Amino acid sequence: MLDYLGLEADLGEEERLIRDTARDFVDSEVRGDIGQHWLDGTFPTDLIPKMGELGFYAPNLAGYGSPNVSETAYGLLMQELEAADSGLRSMASVQGALVMYPIHAFGSEDQKERWLPDLGAGDAVGCFGLTEPEHGSNPSAMETHAVKEGDEYVLNGSKTWITNSPIADVAVVWAKDRSADGNPVRGFLVETDTDGVTTNKIDEKLSLRASITGEIALQNAHVPEDAVLPGVEGMKGPLSCLTQARYGIAWGAVGAARDCFETARQYATDREQFGGPIGRFQLQQQKLAEMATQITTAQLLAYRLADLKERGDLRPQHVSMAKRNNVRMAREQAPVAREMLGGNGIVADHSPMRHMANMETVYTYEGTHDIHTLILGEDLTGIPAYE
Ligand SMILES: Cc1cc2nc3c(=O)[nH]c(=O)nc-3n(C[C@H](O)[C@H](O)[C@H](O)COP(=O)(O)OP(=O)(O)OC[C@H]3O[C@@H](n4cnc5c(N)ncnc54)[C@H](O)[C@@H]3O)c2cc1C
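Per-chain numbering applies: the sequence of each chain, read as written, is numbered from 1 onward. The model is predicted, so local features are restricted to residues of pLDDT at least 70 and side-chain atom pairs to those at 80 or more, both for listing and for counting; the totals for chains, interfaces and linings are taken over all residues. The basis for every side-chain value is the complete set of heavy atoms in the structure, and neither hydrogens nor water enter the calculation.

Under an unreviewed UniProt entry, the chain has the name glutaryl-CoA dehydrogenase (ETF) and belongs to Halolamina salifodinae. Database annotation for the chain, UniProt heading Catalytic activity (unreviewed entry): "glutaryl-CoA + oxidized [electron-transfer flavoprotein] + 2 H(+) = (2E)-butenoyl-CoA + reduced [electron-transfer flavoprotein] + CO2". UniProt positions are given in the numbering used here, feature names are shortened, and annotations may be inferred rather than shown by experiment. Among the UniProt annotations of the chain, the heading Cofactor (unreviewed entry) holds the following wording: "FAD".

This is the structure in structure tokens:
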């Protein structure tokens, strides 16, 4: 496996164990079928509790069944899962960083005890509802709202592009609280079998096909007042979750690119043309050299991010830089690997074209590449350029 600068030599025992557990899981349980799932537009739901058993959901949190592993270990886990498919990593990212994290950080004791053990075990599935049909890059303009009526909130609005919503038991829905001064954004834990909640699936995606994506429609959905996350108000709530998930994506994209590279390197050794392996041609070696260099540079960024996160010095803008760079890198290198496989590169038996299509989603969700550019632009100049 590409680790050109020997970064893995410095890993601790627990980090190696998590990396190896995830790698073995991917090899034995995922690789065989993931191409077919991608073609069928299905997610291997039987893996949800298995990933729970292995501790793949938010193992970097402390308590309520989570072991509080290092941020490097968590990153390595995301890298290995995305080496299989971005859909698999998305499942773990949403469950861990976008659902368990806000409950852990902002939830009441009752909410934590009700949801964290079940979500961690994969006995319950969560989803994160922020994006709306008319408000994607600018979620602060959201229209979904809650109004207090007695000891309940009544929710109305619609969310779209929500990973896992059709199979979720609980949705973290971000809505404006019209009963409070200034209509602050608040997070609501909405059980998806609540009257007035529907979660239709979005079909015919051409990217992230091995992941279930849907809508959340809320029509006079009544939830108890204790469904609100008490510990946060305003956009800080959803944005802090996104920072956690984007951290995992910065690592995950390295895994997808590494899988493309390893597939191409193997193919270059095996495939013979003009009397020998295509890997002896300078043109093919140039592609491998560039891919390896780009992946290694992205790995360095991911490892540095982990160190900063561990010591509490990680800023959201650091994460923006790494998400932006590493996903762009994977998006640019996947087609190079695809090209090296010639005609075989376009069939589902080989991963690069699947990763290439998946990267269109990863480049777009969790803040588009453009939005991360603007976040960095503002950080570097002090001048916001969003509007
Ligand atoms: C498969 C998939 C899964 C997803 N899962 C989730 C999920 O689980 N939960 C969730 O809440 N959301 C999810 N999303 C939604 C995702 O986060 C949004 O698609 C993303 O934020 C972009 O929003 P948009 O699609 O509305 O694009 P828009 O915001 O309409 O952007 C369209 C284009 O305009 C550009 N643009 C926008 N504003 C500016 C600006 N100020 N300056 C320059 N360019 C700009 C964008 O970069 C983009 O290229 C998912 C999306 C996909 C595709």
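Student: What is the right way to look at the packing of aromatic side chains in this model?
Tutor: For any pair of aromatic rings, the description consists of the separation of the ring centres together with the inter-plane angle of the planes. Pairing of aromatic rings covers Phe, Tyr and Trp, the last counted by its six-membered ring, and requires centre-to-centre distances within 6.5 Å; plane angles under 30 degrees mean stacked, over 60 mean edge-to-face, and any other angle means tilted. Overall, the coordinates contain seven aromatic pairs when judged by the stated rule. Taken together, a centroid distance of 6.2 Å and an interplanar angle of 80 degrees make the contact between Tyr-101 and Phe-106 edge-to-face. Burial status follows relative accessibility: with a 1.4 Å probe on protein chains alone, a residue under 20% of its type maximum counts as buried, one over 50% as exposed, and anything between as partly exposed. Owing to a relative accessible area of 18%, Tyr-101 belongs among the buried residues under this scheme. With centroids separated by 5.1 Å and ring planes inclined at 75 degrees, the aromatic side chains of Tyr-153 and Phe-188 adopt a geometry described as edge-to-face.

Student: Before we go on, may I ask you to explain the site of the ligand in this structure?
Tutor: In these notes, residues near a molecule or strand are those with any non-hydrogen atom within 4 Å of it. The environment of the ligand is formed by 18 residues, the closest being Thr-131, Ser-137, Trp-161, Thr-368 and Asp-370. Any pair of N or O atoms that falls within 3.5 Å is considered a polar contact. Within protein, one atom must be able to donate a hydrogen and the other to accept it, and sequence-neighbouring residues count only if both atoms are side-chain atoms. The contact in question runs from a nitrogen atom of the ligand to an N or O atom on the side chain of Thr-163, over 2.9 Å. A distance of 2.7 Å is found between an oxygen atom of the ligand and a side-chain nitrogen or oxygen belonging to Thr-368. Only the protein chains shown count as covering a residue, and every accessible area follows the Shrake-Rupley method with a 1.4 Å probe. When isolated, the ligand has an accessible area of 970 Å², and the protein chains bury 67% of it. As a working rule, the residues Ala, Val, Leu, Ile, Met, Phe, Trp, Tyr, Cys and Pro are called nonpolar, Asp, Glu, Lys and Arg charged, and the rest polar, with Gly in that last group. Tallied by class, residues from the shell around the ligand come to nine nonpolar, seven polar and two charged.

Student: I keep staring at the nonpolar core and nothing clicks. Help me out?
Tutor: Soluble, globular proteins show a tendency: their nonpolar side chains are buried together. The definition of a nonpolar core used throughout is a set of buried Ala, Val, Leu, Ile, Met, Phe, Trp, Tyr and Cys residues joined through side-chain atoms within 4.5 Å. Phe-25, Met-51, Leu-81, Leu-88, Leu-155, Trp-174 and Phe-188 are the most contacted members of the largest nonpolar core, which has 87 residues in total. Residue contacts are counted whenever heavy atoms from the two residues lie within 4.5 Å of one another. When sequence neighbours within four positions are dropped, the list of residues in contact with Met-51 reads Phe-25, Phe-43, Phe-56, Tyr-57, Leu-81, Leu-88 and Met-91. One finds Met-291, Ala-298, Val-336 and Tyr-363 within the second-largest nonpolar core, a separate group that totals 30 residues.

Student: What is the right way to look at helix H7 (residues 282-310) in this model?
Tutor: Owing to its 3.6 residues per turn, the α-helix aligns residues three or four sequence positions apart on the same side. In this model H7 runs 42 Å from its N-terminal to its C-terminal C-alpha over 29 residues, within 8% of the 42 Å that 1.5 Å per residue would give. Gly-312 sits one or two residues past H7 and shows a positive phi near 80 degrees. Runs of E in the DSSP output that reach at least two residues are strands. Runs of H or I that reach at least four are helices, and both are numbered from the N terminus. Residue count minus one, scaled by 1.5 Å, sets the expected span of a helix.

Student: For this particular structure, what's the right way to read helix H10 (residues 369-381)?
Tutor: Compared with an ideal rise of 1.5 Å per residue, which puts 13 residues at 18 Å, H10 spans 18 Å between its outermost C-alpha atoms and is within 8% of the ideal. Regarding H10, the residues found buried are His-369, Ile-371, His-372, Ile-375 and Leu-376. With its buried residues spanning 165 degrees around the axis, H10 presents them on a single face. Turned more than 90 degrees away from the buried face of H10 sit Asp-370 and Thr-381, all of them exposed. Those residues of H10 hidden inside the fold are in contact with helix H6 (236-270), helix H8 (316-340) and helix H9 (352-364). Positive phi shows up at Gly-382, right after H10, with a value of about 80 degrees. As used here, the arc is the angular range of directions from the helix axis to the C-beta atoms.

Student: So what exactly am I meant to see when it comes to the pattern of salt bridges here?
Tutor: Side chains that differ in charge, positive against negative, can pair when their charged atoms come close. Whenever Lys or Arg places a side-chain nitrogen within 4 Å of a carboxyl oxygen from Asp or Glu, that contact is recorded as a salt bridge. Under the definition given, this model contains 20 salt bridges. Salt-bridge contacts for Lys-50 lead to Glu-29; the nearest nitrogen and oxygen are separated by 3.1 Å. Note that Lys-50 is positioned in helix H2 (residues 47-53) and Glu-29 in helix H1 (residues 13-40), a separation of 21 residues in sequence. Under the relative-accessibility criterion, Glu-29 is labelled partly exposed at 32%. Across the salt bridge formed by Glu-80 and Arg-258, the nearest N and O atoms sit 2.9 Å from each other. With Glu-80 in helix H3 (residues 71-84) and Arg-258 in helix H6, this pair connects stretches of sequence that are 178 residues apart. Considered together, Glu-80 and Arg-258 belong to a single accessibility category, that of buried residues.

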